[in-house]
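Close look at the chain arrangement
Below, each chain spelled out in residue letters.
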Amino acid sequence: HVYLDNAATTPMHPDVVAAMTEQMNADFGNASSTHYYGRQAHSALDKARQTVADALHTDAANVVFTGGATESNNTAIIRTAYARRDQGMHIITSAIEHLSVLNPLRRLESEGFRVTYLPVDENGEISVSDFDAALDDETTLVTLMWGNNEVGSRMPIDKVGARLRNHQAWFHVDATQAFGLEDINPAALGINMLSASAHKLNGPKGVGLLYRDDQVHIQPFLLGGEQETKRRAGTENIPGIVGFAAAVQRLDKHAKAELEDRYVGFTRQITSALTDAGVEFHVNGNLEHERLPHVLNLWLPGVSTYALQTNLDLAGFAVSGGSACTAGSLEPSHVLTAMFGEDSPRIAESIRISYGTVTTAEDIDAFAAALIKAVQRLRARAAAK
Ligand code: PLP
């Protein structure tokens, strides 16, 4: 079997499993306890926080560990909206954010907040002039993703960050698909809050982070004990956090550059194979633009997502029909809908392929051959009807 759904989740790296196993066996203590076991756990927590903070070029004090990017996004959005209610009730986002951003915003709308959903073009990109037009004196929060999990398009984070430097609005970035793969310096980009999740970079599930700079003062989402310097209650998931740090440590600058080259090569391998075989396809997104290199979304006209995904699965290749959650429900992808309109055939005829650190050129060769075969068979069957 070949796993090509790394935007949904990634396999844990053996170094991560080893670090977590050691933590669970030897240092099971509660980091809040003052005895030896507690101190051991606390020291592991401090070390992990420093590792993750270093990756974000920031101080350890700016990193809060959470139960994943969903919690980080919910906390950043809902708690900022409430904390800054007196300054305004307007929030700006894009139409193609993850549901863990869109659903908190819908909740806020039902409570009287005003939300602008910036539209995207066929490349899955917003326009900075639309952003400028939306920003007003009541805007207290702008929340945009670093890169999109379904099509890989990037948001103009640097431009938006620069514009917000002299504006009251705080800038939150959901960097879940990019953290670990790209070098991110929130302070340099004018980002006040940033979310990430360990399981997207070969770490464990159920652990993430919320970066927040000194300007951000919000109430915790979870109330209880004084963990995470009173910013997130609940006994810390130390094995998960240690695993997160181990995953981050593996992906240094050199590894990131090497991965990006490799992923760009995989995309070229697949698109060239399809072209050489005379198989009609279109990329949902723009490969010429700056983008997340591990995500490739293809429209195969005339071939249903469901049939293709099932065929590939039977042949031993795991790909996605959109985002994991969207594919699991029968809802059409809100990302492709925002890009192409709800009547576009692309919505029911596209697949997402996403690479990870263990993906090899041989995997991609085998996948391209299987994809060509499946598409040709499904098209021939449709033509015979
Ligand atoms: N944001 C984006 C862009 C994602 O791709 C995901 C992954 O599912 C999330 C947020 C949520 O992460 P988690 O499920 O780890 O909370």
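Residues numbered from 1 in each chain as written. Predicted model: local features only at pLDDT ≥ 70, side-chain atom pairs only at ≥ 80, totals over all residues. Heavy atoms only, no water.

The next point concerns the packing of aromatic side chains. Going through the model one piece at a time under the given rule, you end up with nine aromatic pairs. Between the aromatic rings of tyrosine 263 and phenylalanine 266, the centroid separation amounts to 6.2 Å while the plane-to-plane angle is 40°, which identifies the pairing as tilted. You can see tyrosine 263 and its partner phenylalanine 266 sitting in helix 10 (residues 253–276), three residues apart, about one turn around the helix. Overall, the relative accessible area of 3% leaves tyrosine 263 in the buried class. If you follow arginine 84 out to its NZ or CZ, it ends over the ring of tryptophan 170, 4.3 Å from the centre. Positioned over the ring face of phenylalanine 340 is arginine 346, at 4.2 Å from the centre of the ring. (Phe/Tyr/Trp six-rings, centres within 6.5 Å; stacked < 30°, edge-to-face > 60°. Helix = DSSP H or I, 4+ residues; strand = E, 2+ residues; numbered from the N terminus. Buried < 20%, exposed > 50% of the residue type's maximum accessible area, 1.4 Å probe, protein only. Lys NZ or Arg CZ within 6 Å of the ring centre and 35° of its normal.)

Burial within strand 8 (residues 208–212) is extensive, with five of its five residues counted as buried. Going residue by residue along strand 8, you find Gly208, Leu210 and Arg212 tucked away on one face and Leu209 and Tyr211 tucked away on the opposite face as well. In terms of strand pairing, strand 7 (residues 193–197) meets strand 8 through five bridges, oriented antiparallel. The partner of methionine 193 across the bridge, within strand 8, is arginine 212. (Pairing = 2+ DSSP bridges.)

Moving on to the packing of helix 3 (residues 69–83) against helix 4 (residues 99–110). Put simply, helix 3 and helix 4 touch, their axes get as near as 9 Å, and they point 30° apart. Considering their axes alone, helix 3 and helix 4 lie roughly parallel with respect to each other. Seen along the crossing, helix 3 lies across helix 4 with a hand that is right-handed. Residue-level contacts link Thr70, Asn73, Asn74, Ile77, Ile78, Ala81 and Tyr82 of helix 3 to Ser100, Val101, Pro104, Leu105 and Leu108 of helix 4. Classifying every residue of the contact of helix 3 with helix 4 gives eight nonpolar, four polar and no charged. (Axes fitted to C-alpha atoms, helices over the stretch in contact; angles between N-to-C directions. Parallel < 35°, antiparallel > 145°, perpendicular 65-115°, else oblique. Left-handed = near helix turned anticlockwise from the far one by under 90°. Contact = heavy atoms within 4.5 Å. Nonpolar A, V, L, I, M, F, W, Y, C, P; charged D, E, K, R; others polar.)

The subject of this paragraph is the pairing of strand 10 (residues 295–299). With five of its five residues buried, strand 10 lies for the most part within the structure. Pairing of strand 9 (residues 282–283) with strand 10 involves two bridges; the strand directions are antiparallel. Bridging across to strand 10, valine 283 finds its partner in leucine 298. Judged from the five bridges that link them, strand 10 and strand 12 (residues 350–354) form a sheet pairing that is antiparallel. Bridge pairing links asparagine 297 to arginine 352 in strand 12.

On to the site of the ligand. The ligand sits among 14 residues. The nearest are Thr70, Asp174, Ser197, His199 and Lys200. Between the ligand and the protein, one listed contact pairs a nitrogen atom with a side-chain N or O atom of aspartate 174 at 2.7 Å. Within the complex, 85% of the 390 Å² of free accessible area of the ligand lies under protein. Take the shell around the ligand: its biggest share by element is three residues, from helix 3. Among the residues forming the shell around the ligand, the class breakdown is two nonpolar, ten polar and two charged. (Near = heavy atom within 4 Å. Polar contact = N/O pair within 3.5 Å; in protein donor to acceptor, adjacent residues only side chain to side chain. Areas by Shrake-Rupley, 256 points an atom, 1.4 Å probe, with all protein chains shown as cover.)

Looking now at the domain arrangement of the chain. The assigned domain composition of the chain is domain 1 (2–9 + 253–384) and domain 2 (14–250). Domain 1 and domain 2 are separated by 28 Å when their C-alpha centres are compared. Tallying the contact residues gives 32 residues for domain 1 and 31 residues for domain 2. Here domain 1 packs against domain 2, burying approximately 2,700 Å² in sum over the two surfaces, 52% of which is carbon and sulfur. Taken as a group, Lys256, Leu292 and His334 account for 23% of the area that domain 1 buries against domain 2, more than any other trio of residues on that side. (Domains from an automatic or database assignment. Buried area = accessible area lost by both parts, 1.4 Å probe.)

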